[in-house]
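# Examining the three-dimensional arrangement
Listed below, chain by chain, are the residues.
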Amino acid sequence: LAAVVLCSAYQSAHALGVFASWWQMDENSADGFGFGIRERINFTHLIGIEGRASWISFSDVIPSSGGVNPPADDSADVIPLEVMGVVSLHHFYGGLGVGYYMFDSEAASLSDEVGWFGLVGIELGLGPVKVFADVKWTQVEVDVETTTQSFNADGIGTNVGVALRI
């Protein structure tokens, strides 16, 4: 109820956006590319929440096991479902959040995991259409379920997109 009251008092409280993503895992230098959607709800000019859903495809992500080479197709897809608190100051924003990361691979059975992330970004534009870019740090550890191995999917990423304030 408080969110409804706060949002109704603030014009342009909602923003929908689409973005392209890049994520590089530190442990194995795997690059992932994909796209996503986001929705931000601002309670005031300063404070809001944001939800994101995306799809990112990685190649060379499955670690080798016990000195054995990784499988020929060691690619994986990740679907991050994330929510964060956002603080905005003019064109700049930052946030901390949690995510549920669903991993899928033909080469190995990977666990779905909960992780956290932080990001900073900038949003520019005139009227209701804005372009945005942010830099994000994600921390999540993934278990390879068919072995006793795990690997860190921690890494830095960027998102670039367009948002429409409604």
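Description of the structure in this document. This is a predicted model, so every value here is computed, not measured.

## A closer look at the side chain of S21
Examined against the element boundaries, S21 turns out to sit in strand β1 (residues 14–25). In this structure S21 comes out as buried when scored by relative accessible area, which is 8%. Here N159 takes part through its side chain, which lies 2.5 Å from a polar atom of the side chain of S21. When neighbours within four sequence positions are excluded, S21 is seen to be in contact with G32, F33, G34, F35, I56, T158 and N159.

## Here we look at the sheet that holds strand β7 (residues 129–139)
The strand order around the closed barrel formed by 8 strands is β1-β2-β3-β4-β5-β6-β7-β10, and the pairing between neighbours is antiparallel. Across this sheet, the average inter-strand angle for adjacent strands is 25°, counted without regard to direction. Judged from the 10 bridges that link them, strand β3 (residues 47–58) and strand β4 (residues 76–89) form a sheet pairing that is antiparallel. Among the inter-strand pairings, I47 is bridged to a residue of β4, identified as V87.

## Here we look at empty space enclosed by the protein
All chains considered together, the criterion is met by 1 cavity of 30 Å³ or more. Contributing to the lining of the largest cavity are 16 residues, with S21, W23, I56, K136 and N159 lying nearest its centre. If you list the elements that add at least two residues to the lining of the largest cavity, you get β1, β3, β4, β7 and β10 (155–165). With 5 residues, the top contributor of residues to the lining of the largest cavity is β10. A per-class count over the lining of the largest cavity returns 6 nonpolar, 7 polar and 3 charged.

## Details of a negative patch on the surface
Taken together, the side chains of E27, D104, E106, D112, E141, D143 and E145 define an acidic patch exposed on the protein surface. Considering the arrangement of structural elements, one finds E106 in the loop between β5 (92–104) and β6 (113–124). Judged by its relative accessible area of 73%, E106 is exposed.

## What about the environment of S105?
Its location among the elements puts S105 in the loop between β5 and β6. For S105, a relative accessible area of 13% corresponds to the buried category. As a C-alpha pair, S105 and V61 span 44 residues in sequence and 9.5 Å in three-dimensional space. At 2.9 Å, the side chain of S105 forms a polar contact with the backbone oxygen of S75.

## Re the pairing of β3
Judged by which residues are buried, β3 turns out to be one-sided: G48, E50, R52, S54, I56 and F58 face inward and are buried, whereas I47, I49, G51, A53, W55 and S57, on the alternate face, are not. Hairpin connection, strand β2 (residues 31–42) to β3: the antiparallel pair is bridged by 4 residues.

## Some remarks on the side chain of E50
Tracing the chain through its elements places E50 in strand β3. Within the structure, E50 has its side chain in polar contact with the side chain of R40 (distance 2.8 Å). A polar contact of 2.5 Å, which involves the side chain of E50, links it to the side chain of R52. Ignoring any residue separated from it by four or fewer positions in sequence, one finds E50 in contact with R38, E39, R40, E82, V83, M84 and V86.

Criteria and cut-off values
Residues numbered from 1 in each chain as written. Predicted model: local features only at pLDDT ≥ 70, side-chain atom pairs only at ≥ 80, totals over all residues. Heavy atoms only, no water. Helix = DSSP H or I, 4+ residues; strand = E, 2+ residues; numbered from the N terminus. Buried < 20%, exposed > 50% of the residue type's maximum accessible area, 1.4 Å probe, protein only. Polar contact = N/O pair within 3.5 Å; in protein donor to acceptor, adjacent residues only side chain to side chain. Contact = heavy atoms within 4.5 Å. Pairing = 2+ DSSP bridges. Axes fitted to C-alpha atoms, helices over the stretch in contact; angles between N-to-C directions. 1 Å grid on protein atoms, 1.4 Å probe; cavity = no way out; pocket = protein on both sides within 12 Å on 5 of 7 lines; lining within 4 Å. Points joined across faces, edges and corners; volume = space filled by probe spheres on them. Nonpolar A, V, L, I, M, F, W, Y, C, P; charged D, E, K, R; others polar. Patch = residues over 30% accessible without salt bridge, like charges linked within 9 Å, V, L, I, M, F, W, Y side chains within 5 Å. Areas by Shrake-Rupley, 256 points an atom, 1.4 Å probe, with all protein chains shown as cover. Salt bridge = Lys/Arg side-chain N within 4 Å of Asp/Glu carboxyl O. Lys, Arg positive; Asp, Glu negative; His and termini not counted. Charge placed at Lys NZ, Arg CZ, Asp CG, Glu CD.

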